[in-house]
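# Secondary and tertiary structure notes
One-letter residues, chain by chain:
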Amino acid sequence: IHGGPTSSVMIGYNLEAAFFTSRGYGYLSVNYRGSTGYGRAYREALRGRWGDLDVIDAADAAQALIDQSLADPNRLVIKGGSAGGYTVLNTLIDSPGRFNAGICAYGVSDLVADALTTHKFEKYYHRFLIGDLDQDRQRFIERSPIHRADRIRDPLLLFHGGQDPVVNITQTDQIYRQLKEKGVRCEMVTYPDEG
């Protein structure tokens, strides 16, 4: 799942896809509703719906592969970083058992904290994606994986840099602690000096 969240995966050589396919894995990049490059209406579809439409599209993409016998339903993994990590967490919450594991790199898990502490470049991005923090705080809370992590049951691998200026490492640490406490198979790999 790409980050952004309104960026996209372009058609062309993809080093990450090549890494996995050269080792025998199938690889699908999902340009969920809200991704850039498919017209304004497609991108605008994510307005106020982040944590909703991207999650539906990620789960539906996996199901489409299963329905076409292109993927084994017992061997699916979902992965993403930053905004893509946010979608990974929410997809594991909303579609438990659809994936056999998740990989979340520096994923957003607390939308309120993210809106309050993110860097200047993305300061007002949340208004497009979720709404106004003061007026729509409940929506921010409801779509934050940190408040629904008890619904994750699939194994999860977490990665985070200790010096990340965009998504604070405490967000990943909180998810990790909740899952470990619940007994969910979960590992967290940190890179203390990385952004």
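Residues numbered from 1 in each chain as written. Predicted model: local features only at pLDDT ≥ 70, side-chain atom pairs only at ≥ 80, totals over all residues. Heavy atoms only, no water.

## Looking at the nonpolar core
In terms of nonpolar packing, the biggest core is built from 40 residues, with Trp 50, Leu 156 and Ile 175 touching the most fellow members. Breaking this core down by element, the ones donating at least two residues are helix H3 (53-67), helix H4 (83-94), helix H5 (111-117), helix H6 (125-129), strand S3 (156-161) and helix H8 (169-182). With six residues, H4 is the largest single contributor of residues to this core. Apart from the residues lying within four places of it in its own chain, the contact partners of Trp 50 are Pro 5, Ala 83, Tyr 86, Thr 87, Leu 111, Leu 129, Ile 130 and Arg 143. (Core = buried A, V, L, I, M, F, W, Y, C linked by side-chain atoms within 4.5 Å. Buried < 20%, exposed > 50% of the residue type's maximum accessible area, 1.4 Å probe, protein only. Helix = DSSP H or I, 4+ residues; strand = E, 2+ residues; numbered from the N terminus. Contact = heavy atoms within 4.5 Å.)

## Focus: the packing of aromatic side chains
Counting across every chain of the model gives five aromatic pairs. Relative to Tyr 25, the ring of Phe 20 lies with its centre 5.9 Å away and its plane at 85 degrees, an arrangement referred to as edge-to-face. Given the relative accessible area of 52%, Tyr 25 is considered exposed. The structure contains a cluster of three or more aromatic residues connected by ring pairs, namely Phe 19, Phe 20, Tyr 25 and Tyr 27. (Phe/Tyr/Trp six-rings, centres within 6.5 Å; stacked < 30°, edge-to-face > 60°.)

## What to know about the pattern of salt bridges
All told, the structure shown has twelve salt bridges when counted by the stated rule. As a salt-bridge pair, Arg 49 and Asp 52 come within 2.6 Å of each other at their nearest N and O atoms. By relative accessible area, Asp 52 is classed as partly exposed at 21%. Among the ionic pairs, Asp 94 bridges to Arg 148, the shortest N-O distance being 3.1 Å. In this pair, Asp 94 is assigned in helix H4 and Arg 148 in the loop between helix H7 (137-142) and S3, connecting sequence segments 54 residues apart. A relative accessible area of 35% places Asp 94 in the partly exposed class. A relative accessible area of 15% means that Arg 148 is categorised as buried. Residues joined by salt bridges that share partners form a network here, namely Arg 40, Arg 43, Glu 44 and Arg 47. (Salt bridge = Lys/Arg side-chain N within 4 Å of Asp/Glu carboxyl O.)

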